[in-house]
Amino acid sequence: MSISLKNIIITLLGIFIAMTINAQSITGVLQNENGNPIDGATISVLNTGYQTVSNQKGYFSFNALKNGNYTLSIKSLGYAEISKEININATNNSKSTDIKLTLIASTNQLDVVVVTAEKKEDLLQKIPTSITALNAKQINAFGLWNTKEITGIIPNLYSADPGDGRDVTSVRGIATSSYDPTVATYIDGVNQFSLDTYIPNLFDVERIEVLRGPQGTLYGRNAMGGVINIITKQPNNISSGFADISVGNYNQRRITAGIKTPFIKDKLFFGASILSNRRDGYYTNEFTQTSYDQQNGFSGNYFLKYIANERWNINFNFKHHLNKNKGAFPLVFGSEDAIANPFTLNQNASTTMMDQTTNTSLSIHYRGRSFNFSNQTAYQQNCRYYTNPIDGDFSPIDAISVINNYGNKWNNNKVLTQDFKFTSASSSNSKLKWTAGTFLFYQDAPVKQTTRFGIDANLMMIGDSLFSTTSISTTIKKGLAFYGQASYALSDQLKINFGLRNDYENQSESILGSYQHDPSSEQYITRSDTVGRTHFNALSPKLSLDYQVNNYSLWYAIYSKGFRAGGLSPLSSDPSQPPLVAYLPEYSNNFETGIKNNWLNNKLIVNIALFYTKITDAQVPSLVLPDAITITKNTGQLTSKGIEAEIFAIPANGLLLQYSFGSTNARFDKLDIASQGTTVNLAGKHPIFTPSSTSLLAAQYSYPISNELQIMLRGEWKYIGTTYFDLANSIQQSPYQLLNAKLGMEYKKMALSFWAKNLAGTKYISYGYDFGAVHLGDPAIFGTSFSYQF
């Protein structure tokens, strides 16, 4: 053997020995308060990919962990989630770290919640920003079926839709007013790019995280109000499944089922869950004497996960959603009429809105000794159309209808996103922790829509009848962003956090307009094929300090900035609103301070935050009728300030209390609106979809009759303050209250509950348009649910 080969072997052997010396195993045992072992608990080492399950004796172990600081997360059915910080130092001649942990019943202790709000796993109470997290137990307790139902639960958040399934969300006075939202939604790490491409149904969800305030540094475009981060349940080494059936009034039938299993233990895992949801309409159409807004949907979520070794894993995920909405946009003109004659409308045209969405992603994760890396590629597609012309005048006359059923080529929104992310190694003892990455996207949105003016069009002062106008547009958006965020420990108690993101976006839009008049079928070009282009940059900085006052309290102060993307105005029938006019991004600058407290051995959590937000270049929408097209201009400035508080408590065994409160004082400092050839000054008005306050009080009492049988009683009170639905503040909903209740029992792996939402049947406006049409919130709904886990 040559000298050089011997040297190579000796060097490699030395490296291996050094790595072995600096590696250690973790062994532990889990038990309950009575000292009995806990079988089937999931133990995870945060930000490493390491995960295992306790055996029948409660034992678990991890091998070959590098020296450093780690956080364990432990959760098991029926017990409160806990965490444990450990330090591995293999130089102390010990080959393992042994720990013993006791889990407390979930009825007697609050969960220690792990979130991925900052694109890495961390404990909720240690993150210096306003975050509310709802875990699977809370989602089930609240009976959340759709993302809009978190209204009132999350302080200063409001979400609703006009009956078409597009949830419009506002946080702290920053409201969505176009197809580019102000609150970004992520599902399993994938940016749900626009109102057209995300799936609002909630099923088999592990956690919902809501970040309030601008999150531009890590999340980029359209996160100027905040982020809704939804994480669904993942498969692991335990084969498990569930089935849940809910029935209620309005012929409600909701079925969810799922299974998760390892194909090859510790290597290959599969998970699948499905949702079937249907009900009769809440509204009755007097013209046809039939139920109007009937829903029939089917959704699925499928995972395939492969762990190549301790460093590499690959995740493939496919989601789909199909909803048949037989009566989209159940709207009534005038608030008084809508309340006086609730859930009744009169429309001569009826149709079914087909809403088809798919979401595919491939994620590759590498967890190294010096850094971690992830790569996520995602493709989203949505096709939404009306099978027949939809009523555009919302009345029994044949005046206006809208047609968009032109095949798969049109009204088919496609988005490709790519995210590369690097983070500091989980085991690092360095005072500096960092995250950096780049994000790319490509969006193709072809739209073709015809507005038909029927024989009664003159009754709406159109000036003519029996003609059609067609607008065609193809919008291409491309973007690239670089981002980085870091935290540095100035001392054991004080940390500084800083970050910066630069987004660049390029947009092009081509338009074509035509006109047809009966009896001729000939199309006359009113706007020749024209292309417009725009581009912009947006910088999103962040700076914060957090101070660990003691073991139970964290104080923080933060400045952050976010933006909503700019764009080009579409083609409309209003000659005073020219198309292809560029509007700029809208920016939010947020100043916030808060304190997070965890007292009484995790039986009392109190979080309080104060915020002040300034919006510049506010994008102000104008809805052009009868096209139902939104024209956006930068004509406003807005100031929003307020307070938020959340309290979670277990004052006695079995009794859980939750209270949240939010108050927002938001007004336009400047707001100029074009109306009938003049400019109207609306400075001092409130923004839309922004309640003056929100409040929630929930109380749940659980009583164990035996070791296997438990009963539960729960009540919820929600308060939503004054809310406006148009910029002139002429359409408003006065403060209202909602009551929910649930009675349930759990026996072994089965659960049965009886529930009621909006128990008092409160009638309120949940959505409104500036032209006067409004949509009511859901009526009183009663039902029962049965679930089985195996």
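Residues numbered from 1 in each chain as written. Predicted model: local features only at pLDDT ≥ 70, side-chain atom pairs only at ≥ 80, totals over all residues. Heavy atoms only, no water.

Colleague: I keep staring at the overall build of the chain and nothing clicks. Help me out?
Modeller: Counting its regular elements, the chain contains 4 helices and 52 strands. Against the compact-globule benchmark of 28 Å for 790 residues, the chain has a radius of gyration of 28 Å, which places it among compact chains. For the chain, the spread of C-alpha atoms along the principal axes amounts to about 90 × 70 × 50 Å. Going through the 790 residues of the chain one by one, you find that 55% of them count as buried. Contacts in the chain between residues far apart in sequence, at least 24 positions, make up 67% of those at least 6 positions apart. If you sum the accessible surface of the chain, you get close to 33,200 Å²; carbon and sulfur atoms cover 57% of it. Here the chain holds 64 positive side-chain charges and 58 negative ones, and the gap between their average locations is 10 Å. (Helix = DSSP H or I, 4+ residues; strand = E, 2+ residues; numbered from the N terminus. Rg over C-alpha atoms; globule rule 2.2 N^0.38 Å. Buried < 20%, exposed > 50% of the residue type's maximum accessible area, 1.4 Å probe, protein only. Contact = heavy atoms within 4.5 Å. Areas by Shrake-Rupley, 256 points an atom, 1.4 Å probe, with all protein chains shown as cover. Lys, Arg positive; Asp, Glu negative; His and termini not counted. Charge placed at Lys NZ, Arg CZ, Asp CG, Glu CD.)

Colleague: For this particular structure, what's the right way to read the pattern of salt bridges?
Modeller: When their charged atoms lie close together, side chains carrying opposite charge are able to pair. Enumeration according to the criterion identifies 25 salt bridges in this entry. With a shortest N-O distance of 3.9 Å, glutamate 149 and lysine 757 are connected by a salt bridge. Here glutamate 149 is found in the loop between helix 2 (136-142) and strand 11 (157-160), whereas its partner lysine 757 is found in strand 49 (residues 750-757), with 608 residues between them in sequence. Lysine 614 is paired through a salt bridge with aspartate 669; the nearest N and O atoms lie 2.9 Å apart. Note that lysine 614 is positioned in strand 40 (residues 604-624) and aspartate 669 in strand 42 (residues 655-675), a separation of 55 residues in sequence. Because the salt bridges share partners, they merge into one network encompassing Arg172, Arg212, Glu592, Glu644 and Glu646. (Salt bridge = Lys/Arg side-chain N within 4 Å of Asp/Glu carboxyl O.)

Colleague: Hey, could you run me through the sheet that holds strand 3 (residues 51-53) in this one?
Modeller: Hydrogen bonds between backbone atoms are what pair the strands of a sheet, whose relative direction is either parallel or antiparallel. The strand order across the open sheet formed by 4 strands is 3-2-5-6, and the pairing between neighbours is antiparallel. If you trace the sheet from one side to the other, it starts and ends with strand 3 and strand 6 (82-88), each paired once. Each strand of the sheet is rotated relative to its neighbour by a mean of 25 degrees, with strand direction disregarded. Both strand 2 (residues 42-45) and strand 5 (residues 68-75) contribute to a ladder of 4 bridges, which runs antiparallel. Bridge assignment links serine 44 to a residue of strand 5, and that residue is serine 73. (Pairing = 2+ DSSP bridges. Axes fitted to C-alpha atoms, helices over the stretch in contact; angles between N-to-C directions.)

Colleague: Please explain the pairing of strand 20 (residues 268-279) as it appears in this structure.
Modeller: Relative to strand 20, strand 19 (residues 252-264) runs antiparallel, the two sharing 11 bridges. The residue of strand 20 that forms the bridge with isoleucine 259 is alanine 272. In sequence, strand 19 turns back onto strand 20 through a hairpin of 3 residues, with aspartate 266 there showing a positive phi of about 65 degrees. The sheet contact formed by strand 20 and strand 23 (residues 294-307) spans 12 bridges and is antiparallel. Note that in strand 23 the partner of serine 273 across the bridge is asparagine 301.

Colleague: Teacher, can you tell me more about the sheet that holds strand 21 (residues 284-285) here?
Modeller: Spatial ordering of the open sheet is given by 22-21-26, a layout of 3 strands whose pairing is mixed. Where the open sheet ends on each side, the last strands, each with one partner, are strand 22 (290-291) and strand 26 (344-345). In the sheet, strand 21 pairs with strand 22 via 2 bridges, with the strands oriented antiparallel. Counted as the bridge partner of threonine 284 is serine 291 from strand 22.

Colleague: I tried to follow the confidence of the model for the chain on my own but got confused; where do I start?
Modeller: The predicted coordinates should not be examined in detail at positions where pLDDT is low. In the predicted model, the chain carries a mean pLDDT of 91, and 94% of its residues have values of at least 70. For the chain, helix 1 (residues 3-21) is the element with the lowest average pLDDT, namely 47, and strand 49 is the one with the highest, namely 98. Low pLDDT, under 50, characterises residues 11-21; the stretch is placed with 2 contacts to residues that sit more than four places away or in other chains. (pLDDT = per-residue confidence, 0-100.)

Colleague: How should the packing of aromatic side chains be read in this particular structure?
Modeller: Following the criterion strictly, the structure yields 29 aromatic pairs and no others. Ring centres of phenylalanine 60 and phenylalanine 62 lie 6.3 Å apart, and the angle between their planes is 65 degrees; on these two criteria the pair is classed as edge-to-face. No difference in accessibility class separates phenylalanine 60 from phenylalanine 62, as the two residues are buried. The rings of Tyr158, Phe333, Phe394, Phe689, Phe725, Tyr767, Tyr769 and Phe771 are connected pair by pair, giving a single aromatic cluster. Lysine 119 extends its terminal NZ or CZ atom over the ring of tyrosine 219, reaching a point 5.1 Å from the ring centre. The aromatic ring of phenylalanine 142 is capped on one face by arginine 714, whose charged end is 4.5 Å from the ring centroid. (Phe/Tyr/Trp six-rings, centres within 6.5 Å; stacked < 30°, edge-to-face > 60°. Lys NZ or Arg CZ within 6 Å of the ring centre and 35° of its normal.)

Colleague: Where do I start with the environment of glutamate 310 in this structure?
Modeller: Its place among the elements puts glutamate 310 in the loop between strand 23 and strand 24 (312-326). C-alpha separation for the pair glutamate 310 and leucine 268, spaced 42 residues apart in sequence, amounts to 13 Å. Excluding its chain neighbours within four sequence positions, the residues that come into contact with glutamate 310 are Thr48, Tyr50 and Arg369. Side chain to side chain, glutamate 310 and tyrosine 50 meet in a polar contact 3.3 Å long. (Polar contact = N/O pair within 3.5 Å; in protein donor to acceptor, adjacent residues only side chain to side chain.)

Colleague: Would you mind showing me how to read the side chain of arginine 279 here?
Modeller: Mapped onto the elements, arginine 279 comes out in strand 20. Under the relative-accessibility criterion, arginine 279 is labelled buried at 15%. Looking at arginine 279, its side chain comes within polar contact range of the side chain of tyrosine 282, at 3.5 Å.

Colleague: Can you walk me through the nonpolar core in this structure?
Modeller: One finds Tyr158, Tyr283, Phe329, Leu671, Phe689 and Leu727 to be the most contacted residues of the largest nonpolar core, which totals 49 residues. Sort the elements by how many residues they give to this core and strand 42 lands first, with 4 residues. If sequence neighbours within four positions are ignored, tyrosine 283 has contacts with Thr290, Ser291, Tyr292, Asp293, Pro330, Val332, Phe343, Thr344, Leu345, His775 and Leu776. (Core = buried A, V, L, I, M, F, W, Y, C linked by side-chain atoms within 4.5 Å.)

Colleague: Whenever I open this one, the pairing of strand 2 confuses me. Can you help?
Modeller: Successive side chains on a regular strand alternate, one facing one side of the sheet and the next facing the other. Burial along strand 2 is two-sided: the face carrying Thr42 and Ser44 and the face carrying Ile43 and Val45 are both buried. The pairing of strand 2 with strand 3 spans 3 bridges and is classified as antiparallel. Residue pairing across strands places isoleucine 43 opposite threonine 52, the latter belonging to strand 3. Here strand 2 hands over to strand 3 after 5 residues, with asparagine 47 in that stretch at a positive phi of 65 degrees.

Colleague: What is the right way to look at unusual backbone geometry in this model?
Modeller: Outside of glycine, negative phi angles account for most residues, and trans bonds account for most peptide bonds. A cis amide bond links aspartate 518 with the next residue in sequence, proline 519, at an omega value of 5 degrees. For proline 519, the location among the structural elements is in the loop between strand 34 (494-517) and strand 35 (524-548). Here asparagine 47, not a glycine, exhibits a phi torsion of approximately 65 degrees, which is positive. Positioned with a positive phi, asparagine 758 is a non-glycine residue whose angle comes to about 55 degrees. Position of asparagine 758 relative to the elements: it lies in the loop between strand 49 and strand 50 (765-768).

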